[in-house]
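These are the residues of each chain, in order.
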Amino acid sequence: MSLLPPYRKIIHVDMDAFYASVEQMDNPELQGKPLAVGGGGERGVVAAASYEARKYGVRSAMSGMLARKNCPHLIFVKPRFSRYKEISSQIRAIFNQYTDLVEPLSLDEAYLDVTKNKKNFPSATILAQEIRQQIYNEVGLYASAGISINKFVAKIASDVNKPNGQKTVPPEEVLAFLEALDIKKFYGVGKVTASKMYNLGIFTGKDLKEKSSNFLTEHFKKSGKHYFDIVRGIHNGEVKPDRTRKSVAAEHTFNTNLTSEIYMLEKLEIIAEELSGRLLKPNISGKTITLKIKYSDFTIQTRSKTLPYFVKDKSVLLEQAKELLYQEEMHESVRLLGISLSNLNTNTVEKEEPVEFQLKLEF
């Protein structure tokens, strides 16, 4: 199995420390200082951290207390999701000047298929540079980008030269790039899966590539075939701008397990606000609210409620999530909480147009 043309040209654009960068842009006094978006109190949690704060080990989903311990002079600001959505819309408008094939992943990142683009320009690398420069000129924020033949490789590549950089992985370099990659750098391989792979002697993409499809399926079930393909550069997912969302969710994993429902309510308020911010279009709402709970023993429980009407406001999401939280007693301490909204009103039929390819592409 090998990589053969035709190839797509995919750009993954990822804004650098988006929430924190917006706050620093809007308040020049915060520029160059360690900043965390979120709560710094006893029950607070970090939603995002500036690069100055990351140097001290401050990370998203970290408790506010631990963040302050790592960085005593850390500055906390409350999240303003309406502002982040406003900036995100400006950035998306820039993307649409280059191609209509834009697939947002969140407020701060998106895939762009520029195989055929509105500039009629052959080099995806130069297009990515132009897009990043235009974002800086018009919005005032830095972005990083990854450019390659599919979404999976582009996503990984965008992280290589962060912040304010980009990485192109042309077709002839894809396999070598993936083989040299630490397995934990593979998009979708979390800490638990990476640890399991380490125990199986899989530390790099090259190690992964040496394992048979049967071996990977035996140890990783359905994901095994996925791992077998991606390390060979095979990922055929198209950039789908009109992909119908089945649900929208937000969740936080905590550094310290929660045992008090009072603390859990504090976290749910932040999660509900983040979820509300992720409803990117004003007309997106849903009827089914689901509370996700992961306990300290890693068991997962979900509790859902379907309303007779569509909702999207933070206050309603939080009210229903609280009701689901009190539905029954916790049997263990909690390491993760999440809220999702499904049964959405975005039930339009997805339409796909064929993509025309050139046999030889300039990257």
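Above this text is the structure in question.
Residues numbered from 1 in each chain as written. Predicted model: local features only at pLDDT ≥ 70, side-chain atom pairs only at ≥ 80, totals over all residues. Heavy atoms only, no water.

Novice: Is there a simple way to think about the overall build of the protein chain in this case?
Specialist: Looking only at helices and strands, one finds 13 helices and 12 strands in the protein chain. Its C-alpha atoms give the protein chain principal-axis dimensions of roughly 60 × 50 × 45 Å. Per-residue burial for the protein chain yields a buried fraction of 48% across its 363 residues. In the protein chain, once contacts between residues fewer than 6 apart in sequence are set aside, the share between residues at least 24 apart is 65%. Taken as a whole, the protein chain presents about 18100 Å² of accessible surface, with 49% of it coming from carbon and sulfur. (Helix = DSSP H or I, 4+ residues; strand = E, 2+ residues; numbered from the N terminus. Buried < 20%, exposed > 50% of the residue type's maximum accessible area, 1.4 Å probe, protein only. Contact = heavy atoms within 4.5 Å. Areas by Shrake-Rupley, 256 points an atom, 1.4 Å probe, with all protein chains shown as cover.)

Novice: Would you mind showing me how to read the sheet that holds strand E12 (residues 334–344) here?
Specialist: Pairing between the strands of a sheet comes from backbone hydrogen bonds, and it takes one of two forms, parallel or antiparallel. Read across the sheet, 4 strands follow the order E9-E12-E10-E11 without closing on themselves; strand pairing throughout is antiparallel. Among the strands making up the open sheet, the edge pair consists of strand E9 (247–258) and strand E11 (300–311). Each strand axis lies, on average, 15° off the axis of its neighbour in the sheet, ignoring direction. Where strand E10 (residues 286–295) lies against E12, 9 bridges are found, and the strand directions are antiparallel. Across the sheet, Ile-293 pairs through a bridge with Leu-337, a residue of E12. Sitting on the sheet, helix H12 (residues 261–278) is in contact with E9, E10 and E12, with an inclination near 150° to E9. Running at roughly 140° to E11, helix H13 (residues 314–325) makes contact with E10, E11 and E12 of the sheet. (Pairing = 2+ DSSP bridges. Axes fitted to C-alpha atoms, helices over the stretch in contact; angles between N-to-C directions.)

Novice: What is the right way to look at the sheet that holds strand E3 (residues 46–49) in this model?
Specialist: Pairing is mixed in the open sheet, where 3 strands are placed in the order E3-E2-E4. In the strand order of this sheet, the two ends are held by E3 and strand E4 (75–77), each with one partner. Across the sheet, the mean angle from the axis of one strand to that of its neighbour is 30°, orientation sign disregarded. In the sheet, strand E2 (residues 35–38) pairs with E3 via 3 bridges, with the strands oriented antiparallel. Looking at E3, one finds that Gly-38 is bridged to Val-46.

Novice: How should I be thinking about the pattern of salt bridges in this particular structure?
Specialist: Two side chains of opposite charge can pair, provided their charged atoms sit close to one another. Enumeration over the complete set of coordinates arrives at 17 salt bridges. The residue Glu-273 makes a salt bridge to Lys-314 at a minimum N-O spacing of 3.7 Å. Separated by 41 residues along the polypeptide, Glu-273 in helix H12 and Lys-314 in helix H13 bring together distant segments of the chain. Salt-bridge contacts for Glu-323 lead to Lys-305; the nearest nitrogen and oxygen are separated by 2.8 Å. Here the residue Glu-323 occupies a position in helix H13, and Lys-305 occupies one in strand E11, the gap between them amounting to 18 residues. Looking at Glu-323, the relative accessible area reads 41%, which means it is partly exposed. If you follow the salt bridges from partner to partner, you end up with Glu-23, Asp-26, Arg-80, Arg-83 and Glu-86 in one network. (Salt bridge = Lys/Arg side-chain N within 4 Å of Asp/Glu carboxyl O.)

Novice: Please clarify how the nonpolar core should be interpreted in this entry.
Specialist: Soluble, globular proteins show a tendency: their nonpolar side chains are buried together. Within the largest apolar cluster, 59 residues are counted, with the highest numbers of intra-cluster contacts made by Ile-11, Phe-18, Phe-95, Leu-112, Ile-135, Phe-186 and Leu-208. When neighbours within four sequence positions are excluded, Ile-11 is seen to be in contact with Ala-110, Tyr-111, Leu-112, Val-114, Ala-124, Leu-127, Ala-128, Ile-131, Ala-145, Gly-146 and Ile-147. Counting residues in each nonpolar core, the second largest holds 29 residues, with Phe-254, Met-264, Leu-265 and Ile-284 among its members. (Core = buried A, V, L, I, M, F, W, Y, C linked by side-chain atoms within 4.5 Å.)

Novice: It is not clear to me how the packing of helix H10 (residues 213–220) against helix H11 (residues 222–230) should be interpreted in this structure. Could you clarify?
Specialist: Helix-helix packing: each pair is described by the crossing angle between the helix axes and the interaxial distance. Remark: H10 packs on H11, axes separated minimally by 6 Å, with the N-to-C direction vectors making an angle of 140°. Overall, the two elements H10 and H11 adopt an arrangement that is oblique. Between H10 and H11 the crossing geometry is right-handed. Contacts between H10 and H11 involve Ser-213, Leu-216, Thr-217 and Phe-220 from the first element and Lys-222, Ser-223, Gly-224, Lys-225, Tyr-227 and Phe-228 from the second. For the contact of H10 with H11, a count of residues per class yields 4 nonpolar, 4 polar and 2 charged. (Parallel < 35°, antiparallel > 145°, perpendicular 65-115°, else oblique. Left-handed = near helix turned anticlockwise from the far one by under 90°. Nonpolar A, V, L, I, M, F, W, Y, C, P; charged D, E, K, R; others polar.)

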